[in-house]
Amino acid sequence: MSSSNTMSERASDVEARIAAACARSGRDTNQVNVIAVTKYVSIATAEEAFRAGYRHLGENRWQDAQAKWQAISGGDGTNGGEQPVWHFIGSLQTNKVKDVIGKFTYIHSLDRQSLAKEIDKQASRLGIVVPCFIQVNISGEDSKHGLGPEQVSAFLQELSSFTSLRPVGLMTMAPYEAEPEETRPVFRALRELRDKLNEELKLQQPLTELSMGMSNDFEVAIEEGATWIRLGTILVGKEG
Ligand SMILES: *Cc1c(COP(=O)(O)O)cnc(C)c1O
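The residue numbering used here restarts from 1 in each chain and proceeds along that chain's sequence as written. Per-residue local features are limited, in this predicted model, to residues with pLDDT of at least 70; the limit for side-chain atom pairs, both in listing and counting, is 80 or more; totals at the level of whole chains, interfaces and linings are taken over all residues. Heavy atoms from the whole structure form the basis of all side-chain values; hydrogens and water molecules are not counted.

**A closer look at the site of the ligand**
It suffices for a single heavy atom of a residue to lie within 4 Å of a molecule or strand for the residue to be listed as near it. Near the ligand you find K39, Y40, N60, I89, M171, M173, M214, S215, R230, L231, G232 and T233, and these make up its full shell. As used in this structure description, the phrase polar contact means that two N or O atoms lie within 3.5 Å; if the pair is within protein, one of them must be able to donate a hydrogen and the other to accept it, and residues adjacent in sequence are counted only when both atoms belong to side chains. Between K39 and the ligand, the recorded distance is 2.7 Å, taken from a side-chain N or O atom to an oxygen atom. Between the ligand and G232 there is a distance of 2.8 Å, counted from an oxygen atom to a backbone nitrogen or oxygen. Areas reported here follow the Shrake-Rupley algorithm with a probe of radius 1.4 Å; residue values treat only the protein chains shown as occluding. Bound to the protein, the ligand loses 92% of the 390 Å² it would expose on its own. Classification used: nonpolar for Ala, Val, Leu, Ile, Met, Phe, Trp, Tyr, Cys and Pro, charged for Asp, Glu, Lys and Arg, polar for all others including Gly. Looking at side-chain class alone, the shell around the ligand contains 6 nonpolar, 4 polar and 2 charged residues.

**Thoughts on the environment of I89**
Every helix listed is a DSSP run of H or I at least four residues long, and every strand listed is a run of E at least two residues long, numbered separately from the N terminus. With respect to the helices, strands and loops of the structure, I89 is situated in the loop between β3 (85-88) and α4 (97-100). The spacing of I89 and N60 is 29 residues in sequence and 4.9 Å in space, taken between C-alpha atoms. Only heavy atoms matter for contacts: two residues are in contact if any of them lie within 4.5 Å across the pair. Once residues within four sequence positions are removed from consideration, I89 is found in contact with V37, E59, N60, H108, S109, M171 and R230.

**Focus on the pattern of salt bridges**
Criterion for a salt bridge: a side-chain nitrogen of Lys or Arg within 4 Å of a carboxyl oxygen of Asp or Glu. Counting across every chain of the model gives 13 salt bridges. Close ionic contact of R55 with E82 constitutes a salt bridge, the shortest N to O distance being 3.0 Å. In this pair, R55 is assigned in the loop between α2 (43-51) and β2 (56-59) and E82 in the loop between α3 (62-73) and β3, connecting sequence segments 27 residues apart. Judged by its relative accessible area of 48%, E82 is partly exposed. Taking the shortest distance from any N to any O, the salt bridge between K68 and E59 comes out at 3.0 Å. Residue K68 shares its accessibility class with E59, and that shared class is buried. Beyond isolated ion pairs, a larger network of salt bridges with shared partners links R24, E181, R184, R188, R191, E223 and E224. Working definition: with a 1.4 Å probe on protein chains only, accessible area under 20% of the residue-type maximum means buried, over 50% means exposed, and in between means partly exposed.

Here it is in structure tokens:
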């Protein structure tokens, strides 16, 4: 993905493709939020994405994210103005939760009770409520994290006892396909699962969000109802 292009060239290309996917599926572009995934780039490039207007930044490992978070959001408050909203999109070890909560607003990888318990504990210490996506392994690939689709209903019921964690939706990763169209069944299944859970469980706060779609397949994900797409390579670029 030609990192020779500038950020603003990449951004206008991506925005045009988002708009076209929305038009094809009768959706409004403001229903689709972009998370600029900065995991492959330097602090300077992450800042550039933020200045280009991407308010939501995503990272998948605390060890790598730490310096970036510190540089961009960790100052003494004199940075002034608007701050990015950070999304933790990678699998999260329970012993890293205390580092991440309070810095990352959203967690996209909630996939087990022990993790929920720790998120709830750390969030309640800070007096905040953390919006979480439940990660679902729709494709069934061994390499993918997440609950099996049939496990999500019981998991959601277990979460109802936590007061500092709020499930807002579902997240999945599709397998990489040379032909992105082939990812459609995965994204469609995540949307159908969300709708079925909302109907079945009659949650007080229904699951509204779908975090799905990456550089290779975001257009298909949008057509299937994504409300958050996570774009690294194609938007922010890849360095080193
Ligand atoms: C790296 C990553 C992305 C972005 O990947 P690209 O294909 O570069 O857009 C999205 N989601 C998750 C969970 C990731 O780890």
